[in-house]
Amino acid sequence: MREHPPSRRPTTPSRRAFLRGSLAALSAAIVAGCDRLGDTGWFSALLRSGETLTRATQRLLVPRNALAQEFTDADVKGPFRSNGTARPRSAAYDALAANDFVDWRLRVDGLVDRPLELSLAELKAMPARTQITRHDCVEGWSAIAKWTGVPLADVLARAMPQTNARYVVFHCADPMHADGTEPYYESIDMIDAYHPQTILAYRLNDAPLPIGNGAPVRVRIERQLGYKMAKYIMRIELVDRFDQLYGGNGGYWEDRGYAWYAGI
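The paragraphs below set out a description of the structure included in this document. (Residues numbered from 1 in each chain as written. Predicted model: local features only at pLDDT ≥ 70, side-chain atom pairs only at ≥ 80, totals over all residues. Heavy atoms only, no water.)

## Re the overall build of the chain
Item 1. The helix and strand inventory of the chain stands at six helices and 10 strands.
Item 2. Across the chain, every contact between residues at least 6 apart in sequence was considered, and the portion connecting residues at least 24 apart equals 72%.
Item 3. Here the chain has roughly 12,500 Å² of accessible surface; of this, 55% comes from carbon and sulfur atoms. (Helix = DSSP H or I, 4+ residues; strand = E, 2+ residues; numbered from the N terminus. Contact = heavy atoms within 4.5 Å. Areas by Shrake-Rupley, 256 points an atom, 1.4 Å probe, with all protein chains shown as cover.)

Set out below in structure tokens:
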């Protein structure tokens with residue numbers, strides 16, 4: 001199930017800038033119009049067809065293992081902002097955080113031959129990757145930061161995905177409603193799951209990952225917009241479809257009209 005060794009050739013800045021600009025313009029148009037048009041069948045179908053075209057175009061133009069641009073320590077400016085949930089409203093999460101996540105376990109299951117659970121110490125004992133990359137948010141801001149973590153591909157190798165696994169779903173600790181319901185979730189396909197820059201990050205700017213940024217572990221998917229990079233990960237599930245999970249569109253924000261494929 002492992003992809004061929006990655007090419008180290010980076011995406012050219014001009015092509016990446018073009019793709020980012022095009023997607024940003026499309027995202028702005030979607031967000032601006034979703035309140036009025038989001039509930040109409042023809043507009044939802046149009047959005048889905050546009051997303052499919054965006055994904056097909058990027059996959060055609062950009063090799064599957066092409067790297068997002070990486071930077072140097074000198075490019076890291078200030079702390080990385082906490083966006084979205086700053087701390088899950090969950091007694092179970094509070095208990096884990098109070099003990100420095102010693103009792104936290106990452107569950108990996110679904111369409112795998114070897115379901116497993118990994119402690120934070122076990123993750124940190126695996127070979128790590130450090131990358132300095134730019135985070136691009138659909139809200140219009142960006143920031144450069146250094147991330148260290150375990151390549152998701154290495155975790156999947158231990159779990160041994162089955163041949164019919166098509167998507168990786170991240171189930172998170174943060175409930176999105178005051179009553180504790182509807183936890184945040186996200187999903188990616190196997191191409192992005194095996195990308196060399198897709199990591200389960202536990203360090204940010206040479207320090208343990210803060211709670212505001214997703215402790216103990218968040219995913220970094222460097223060729224996607226920020227809302228795809230789920231924080232507070234508790235479980236990774238491999239599936240062949242996601243239309244039966246939660247709202248059926250592959251992610252918390254996707255269930256509210258955002259594009260499932262947010263490549264840049």
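## Some points on the side chain of Gln-131
Item 1. Note that Gln-131 resides in strand S3 (residues 129-136).
Item 2. Polar contacts involving the side chain of Gln-131 include one to the side chain of Arg-129, which spans 2.6 Å.
Item 3. Only 2.9 Å separates the side chain of Gln-131 from the backbone oxygen of Gln-197, close enough to count as a polar contact.
Item 4. The residues touching Gln-131, leaving out its near neighbours within four places in the chain, are Glu-70, Ala-145, Lys-146, Trp-147, Pro-196, Gln-197, Ile-199, Arg-220 and Glu-222. (Polar contact = N/O pair within 3.5 Å; in protein donor to acceptor, adjacent residues only side chain to side chain.)

## Section: the nonpolar core
Item 1. Ranked by internal contacts, the top residues of the largest apolar core, which has 56 residues, are Val-168, Phe-170, Leu-200 and Ile-236.
Item 2. Top element by residues in this core is strand S5 (residues 167-175). It accounts for six residues.
Item 3. Beyond its immediate chain neighbours, meaning those up to four positions away, Val-168 contacts Leu-152, Leu-156, Glu-186, Ser-187, Ile-188, Met-190, Ala-193, Ile-236, Glu-237 and Leu-238.
Item 4. In this structure, Phe-80, Ala-145, Ile-199 and Leu-204 belong to the second largest nonpolar core, which totals nine residues. (Core = buried A, V, L, I, M, F, W, Y, C linked by side-chain atoms within 4.5 Å. Buried < 20%, exposed > 50% of the residue type's maximum accessible area, 1.4 Å probe, protein only.)

## Details of the layout of surface pockets
Over the atoms rolls a probe the size of a water molecule, and in doing so it shows where empty space is left.
Item 1. Of the pockets and cavities examined, the second largest pocket occupies roughly 430 Å³.
Item 2. What lines the second largest pocket is a set of 21 residues, among which Asn-83, Gly-84, Tyr-184, Tyr-227 and Trp-253 lie closest to the centre.
Item 3. In terms of residue class, the lining of the second largest pocket is built from 11 nonpolar, five polar and five charged. (1 Å grid on protein atoms, 1.4 Å probe; cavity = no way out; pocket = protein on both sides within 12 Å on 5 of 7 lines; lining within 4 Å. Points joined across faces, edges and corners; volume = space filled by probe spheres on them. Nonpolar A, V, L, I, M, F, W, Y, C, P; charged D, E, K, R; others polar.)

## What about helix H3 (residues 91-98)?
Item 1. Every buried residue of H3 is accounted for by Tyr-93, Leu-96 and Ala-97. Viewed along the axis of H3, the buried residues span an arc of 95°, placing them on a single side of the element. Exposed and oriented more than 90 degrees from the buried face of H3 are Ala-91, Ala-92 and Ala-98.
Item 2. Two or three places before Ala-92, at the start of H3, stands the capping residue Ser-90, its side-chain oxygen 3.3 Å from that residue's backbone nitrogen. (Arc of directions from axis to C-beta.)

## Re the packing of aromatic side chains
Item 1. Summed over the entire model, instances satisfying the criterion amount to 12 aromatic pairs.
Item 2. Here the aromatic rings of Tyr-227 and Tyr-258 are separated by 5.1 Å at their centres, their planes lie at 85°, and the arrangement is edge-to-face. Linking Tyr-227 in the loop between strand S9 (218-220) and strand S10 (233-239) with Tyr-258 in the segment after S10, this pair joins segments that are 31 residues apart in sequence.
Item 3. By relative accessible area, which is 26% here, Tyr-258 ends up partly exposed.
Item 4. Every member of this aromatic cluster is reached through a ring pair, and the members are Tyr-184, Tyr-227, Tyr-252, Trp-253 and Tyr-258.
Item 5. The residue whose ring lies beneath Arg-81 is Trp-141, and the NZ or CZ to ring-centre distance is 4.3 Å. (Phe/Tyr/Trp six-rings, centres within 6.5 Å; stacked < 30°, edge-to-face > 60°. Lys NZ or Arg CZ within 6 Å of the ring centre and 35° of its normal.)

## Regarding the sheet that holds S5
Item 1. Pairing is mixed across the open sheet formed by five strands, whose spatial order is S2-S1-S10-S5-S6. Among the strands making up the open sheet, the edge pair consists of strand S2 (116-119) and strand S6 (183-189). On average, adjacent strands in this sheet sit at an angle of 20° to one another, irrespective of strand direction.
Item 2. Here strand S1 (residues 105-110) runs beside S2; their pairing, made up of four bridges, is antiparallel. Opposite Arg-107, over in S2, you have Glu-117 as the bridge partner.
Item 3. Set on the sheet, helix H5 (residues 152-159) makes contact with S1, S2, S5, S6 and S10; between it and S2 the angle comes to about 135°. (Pairing = 2+ DSSP bridges. Axes fitted to C-alpha atoms, helices over the stretch in contact; angles between N-to-C directions.)

Scope: geometric values only; no functional claims are made or implied.
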